[in-house]
Amino acid sequence: FRPPMHPKHAPTSTLLLPTRDGLHELHVAEYGAPGGTPIVYLHGGPGGGTPPDLPRLFDPAVFRLVTFDQRGCGRSRCADRLLANTTALLIDDVEAVRCRLGIERWAVFGSSYGSLLVALYAARHSARVTFAIAHGVFLGTRAEVGWLYEAPGASRFYPDQWEDLLRASGGAGAGAAA
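Per chain, the residues get numbers from 1 upward, laid out in the order the sequence is written. Per-residue local features of the predicted model are confined to residues with pLDDT of at least 70, and side-chain atom pairs are confined, for both listing and counting, to 80 or more; whole-chain, interface and lining totals are unaffected and use all residues. In computing side-chain properties, one takes all heavy atoms of the structure into account and sets aside hydrogens as well as water.

*Asks:* I'd like a rundown of the overall build of the protein, residues and numbers included.
*Replies:* Looking only at helices and strands, one finds five helices and seven strands in the protein. Helices (α) and strands (β) of the protein occur, in sequence order from the N terminus, as β-β-β-β-β-α-β-α-β-α-α-α. Against the globule reference of 16 Å for 178 residues, the protein gives a C-alpha radius of gyration of 17 Å, in line with a compact fold. A principal-axis box enclosing the C-alpha atoms of the protein has dimensions of 55 × 40 × 30 Å. The rule is simple: take the accessible area with a 1.4 Å probe, protein chains only, and divide by the maximum for that residue type; under 20% is buried, over 50% is exposed, in between is partly exposed. By the burial criterion, 38% of the 178 residues in the protein qualify as buried. Contact definition: two residues touch when any of their heavy atoms are within 4.5 Å. Summarising the internal contacts of the protein: among those between residues at least 6 apart in sequence, 64% fall at separations of at least 24. Only runs of H or I of at least four residues qualify as helices and only runs of E of at least two qualify as strands under DSSP, and these elements are numbered from the N terminus. Only the C-alpha atoms count toward the radius of gyration. The rule for a globule is 2.2 Å times the residue count to the power 0.38.

Structure below.
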């Protein structure tokens, strides 16, 4: 199944939003109708970014799509990607983006690690969420993290990258590099 894609369109606005601690600037972009149904997309990672074709999934006549690259990701700016970069701070950043844009309530949509952020944000700020969508769910369980960073998980599907990870960790095992 391949979802229908809308034509590529430029953001209606972009901004760099400083985080409360002043250590990061979040790249925020809005697409679609300013009066449309507001929805924020939370990308995977950590370390990922907003997929370039993501806005094409949303009808620009219906939705006010908000995307932002998380701390240390994509087009966001910082001196050190890992400094002051925790899940709790990412949840605070989602709320800061909502407030900055003057959105009363919005839908939250996330993929992979973003699905974990959706669940945490919706639990903490339920009065601000109209609905939530979790796609490609990753909840950071021990089994999920183990599959990524310990044999025989992802190593079966990506043997070359697995070897690179082992070399980068000094042969101490991928778990040491994670």
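So that's the structure; there's more coming.
*Asks:* Give a description of the side chain of His43 that names residues and reports values.
*Replies:* Of note, His43 is situated in the loop between β3 (37-42) and β4 (63-69). Two N or O atoms count as a polar contact when they lie within 3.5 Å, although within protein this holds only if one can serve as hydrogen donor and the other as acceptor, and sequence-adjacent residues are included solely when both atoms are side-chain atoms. Here the side chain of His43 touches Gly49 through a polar contact of 3.5 Å, landing on its backbone nitrogen. Other than its neighbours up to four places away in sequence, His43 contacts Gly48, Gly49, Thr50, Phe68, Asp69, Gln70, Cys73, Ser111, Tyr113 and Gly114.

*Asks:* Explain the nonpolar core residue by residue, including any values.
*Replies:* If you look at the biggest cluster of nonpolar residues, it comprises 24 residues, and the most contacted ones within it are Val28, Val66, Phe68, Val97 and Trp106. Aside from chain neighbours lying at most four places away, what touches Val97 is Leu17, Leu26, Val28, Val66, Phe68 and Trp106. Counting residues in each nonpolar core, the second largest holds nine residues, with Ala29, Tyr31, Leu54 and Phe58 among its members. In this text, buried Ala, Val, Leu, Ile, Met, Phe, Trp, Tyr and Cys residues form a nonpolar core when linked through side-chain atoms within 4.5 Å.

*Asks:* Could you give me a rundown of the packing of aromatic side chains, with the residues and numbers involved?
*Replies:* In this scheme Phe, Tyr and Trp rings, the latter by its six-membered ring, pair at centre separations within 6.5 Å, and the angle between planes marks the pair as stacked below 30 degrees, edge-to-face above 60, and tilted otherwise. A full pass over the atoms with the stated rule returns five aromatic pairs. Aromatic pair Phe58 and Phe109: ring centres 6.0 Å apart, planes at 65 degrees, arrangement edge-to-face. Linking Phe58 in the loop between β3 and β4 with Phe109 in strand β6 (residues 106-111), this pair joins segments that are 51 residues apart in sequence. Judged by relative accessible area, which is 9%, Phe58 ranks as buried. By relative accessible area, Phe109 is classed as buried at 13%.

*Asks:* Pulling in residues and values, what's your account of the pairing of strand β7 (residues 129-135)?
*Replies:* If DSSP finds at least two bridges between two strands, the strands pair. In this sheet, β7 lies alongside β6 in parallel orientation, the contact comprising five bridges. Residue pairing across strands places Phe109 opposite Ile133, the latter belonging to β7. Whether a crossover is right-handed depends on one test, that the path from the first strand over the helix to the second runs clockwise when the strands point away from the viewer. Where the polypeptide runs from β6 across helix α2 (residues 113-124) and back to β7, its parallel neighbour, the crossover connection is right-handed.

*Asks:* Account for the environment of Ser169, with residues named and values stated.
*Replies:* Looking at where Ser169 falls in the secondary structure, it is placed in the loop between α4 (159-168) and α5 (174-177). C-alpha separation for the pair Ser169 and His135, spaced 34 residues apart in sequence, amounts to 31 Å.

*Asks:* Break down the pattern of salt bridges for me, with residues and values.
*Replies:* We define a salt bridge as a contact between a side-chain nitrogen of Lys or Arg and a carboxyl oxygen of Asp or Glu at a distance within 4 Å. Counted by the stated rule, this structure contains 13 salt bridges. Notably, a salt bridge pairs Lys8 with Asp53, separated by 4.0 Å at the nearest N-O pair. Placement of the pair is Lys8 in the segment before β1 (13-18) and Asp53 in the loop between β3 and β4, with a sequence separation of 45 residues. In this structure Lys8 comes out as exposed when scored by relative accessible area, which is 61%. As a salt-bridge pair, Arg128 and Glu104 come within 2.6 Å of each other at their nearest N and O atoms. Linking Arg128 in the loop between α2 and β7 with Glu104 in the loop between α1 (87-101) and β6, this pair joins segments that are 24 residues apart in sequence. The network of salt bridges with common partners includes Lys8, Asp53 and Arg56.

*Asks:* Give a detailed account of a nonpolar patch on the surface, specifying residues and quantitative values.
*Replies:* Patch definition: residues above 30% relative accessible area lacking any salt bridge, with like charges linked at up to 9 Å and the nonpolar side chains Val, Leu, Ile, Met, Phe, Trp and Tyr linked at up to 5 Å. Under the convention used here, a 1.4 Å probe and the Shrake-Rupley method define accessible areas, while residue burial counts only the protein chains that appear. The grouping of Val145, Trp147, Leu148, Tyr149, Phe157 and Tyr158 at the surface amounts to a nonpolar patch, some 570 Å² of accessible area in total. Residue placement: Leu148 occurs in helix α3 (residues 142-149).

Purely geometric stuff here, so don't read any function into it on its own.
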